[in-house]
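Here's the letter readout for the chains.
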Amino acid sequence: MSRPARILIVEDEEAIREGLVDVLVFHKYQTDSAATGPAGLEKALTGKFDLILLDVMLPGMDGYEICNRIRAQDRNQPIIMLTAKTSDEEIVQGLKLGADDYVAKPFSIQQLVLRIEAVLRRSRMGVEQARTISLQGIEIDTENLKGRGGSEEIDFTKREVELLCYLAQHPDRPISREELLLKVWGYARNLDIETRTVDIHIAKLRRKIETDPKEPVNLITVRGAGYRLVTKA
Ligand code: CA
């Protein structure tokens with residue numbers, strides 16, 4: 001039997017923090033929590049958590065800064081941001097900093113638990129994945145999240161590699177944003193903000209894997225159909 005996943009909750013509102021602890025314990029997770037930014041960062045960097053639930057507005061240091069600092073030390077750490085509202089800007093900012101997902105407040109417990117399960121499942125899948133994706137001008141080591149193009153070494157986030165892996169598994173057809181949301185992010189719904197999530201990640205990826213991101217040769221857009229990854233045999 002696998003051990004229960006350990007989840008860190010960084011949230012300053014006591015009622016939400018304690019509510020989350022109760023719910024997660026009920027779902028058989030082990031939890032720890034912090035009420036301020038600095039305390040959350042300290043625990044995040046030293047505690048070895050399977051997942052961190054990270055509020056944005058926190059005393060001492062905000063969630064973006066914490067996310068940034070965690071990423072600087074560990075690109076693999078799964079993080080779900082708890083955003084105060086479905087503001088595009090907040091969500092985009094969180095995803096740019098490398099959060100794996102976000103949940104907008106007020107959130108339903110059921111929705112949050114599903115997101116947690118999806119992020120944990122993907123992070124376990126990532127551990128089992130070990131291969132190289134070969135593209136024009138770059139080789140990507142999916143295990144170590146690194147790409148090598150010539151003498152240059154490029155770091156990828158876990159989510160970027162998951163996206164590449166899914167596309168690489170289906171080289172024969174374009175993949176729609178909706179399918180990527182479902183298979184890579186685990187979203188069954190399709191809201192505008194969520195399809196933008198895909199576009200943001202595609203744009204970030206192109207800056208890393210294309211010689212000219214405006215004229216992509218590896219990760220191409222198939223008009224009206226989605227995206228396709230052109231892998232080398
Ligand atoms: Ca807060």
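So, here is what we can say about the structure in this document. Since the structure is predicted, the reported quantities are computational estimates derived from the model, not experimental observations.

### A look at the sheet that holds strand E4 (residues 79–83)
Strand order in this open sheet of 5 strands is E2-E1-E3-E4-E5, and the pairing throughout is parallel. Whereas interior strands pair on both sides, the edge strands pair on one side only; in this sheet they are strand E2 (30–34) and strand E5 (101–104). Across this sheet, the average inter-strand angle for adjacent strands is 20°, counted without regard to direction. Here 5 bridges tie strand E1 (residues 6–10) to E2, and the two strands are oriented parallel to one another.

### Structural notes on the sheet that holds strand E6 (residues 132–135)
The strands that make up a sheet are held in pairs by hydrogen bonds between backbone atoms, and each pair lies either parallel or antiparallel. Strand order in the open sheet formed by 4 strands is E6-E7-E8-E9, with antiparallel pairing between adjacent strands. On the outer flanks of this sheet lie E6 and strand E9 (152–155), each paired with one strand and no other. The sheet shows a mean angle of 20° between the axes of neighbouring strands, direction not considered. Pairing between strand E7 (residues 138–141) and strand E8 (residues 146–149): 3 bridges, direction antiparallel. The partner of Ile140 across the bridge, within E8, is Gly147.

### Side note on the coordination of the calcium ion
Every protein donor of the calcium ion is accounted for by Asp12 (OD), Asp55 (OD) and Met57 (O), and the metal-donor separations fall at 2.1 to 2.3 Å. Counting the intervening residues between successive donors of the calcium ion yields the motif D-x42-D-x1-M. Taken together, the residues Asp12 in the loop between E1 and helix H1 (14–26) and Met57 in the loop between strand E3 (51–55) and helix H3 (63–73) connect sequence positions 45 residues apart.

What counts, and at which threshold
- Residues numbered from 1 in each chain as written.
- Predicted model: local features only at pLDDT ≥ 70, side-chain atom pairs only at ≥ 80, totals over all residues.
- Heavy atoms only, no water.
- Pairing = 2+ DSSP bridges.
- Helix = DSSP H or I, 4+ residues; strand = E, 2+ residues; numbered from the N terminus.
- Axes fitted to C-alpha atoms, helices over the stretch in contact; angles between N-to-C directions.
- Donors = N, O, S within 2.8 Å, 3.2 Å for Na, K, Ca; no water.

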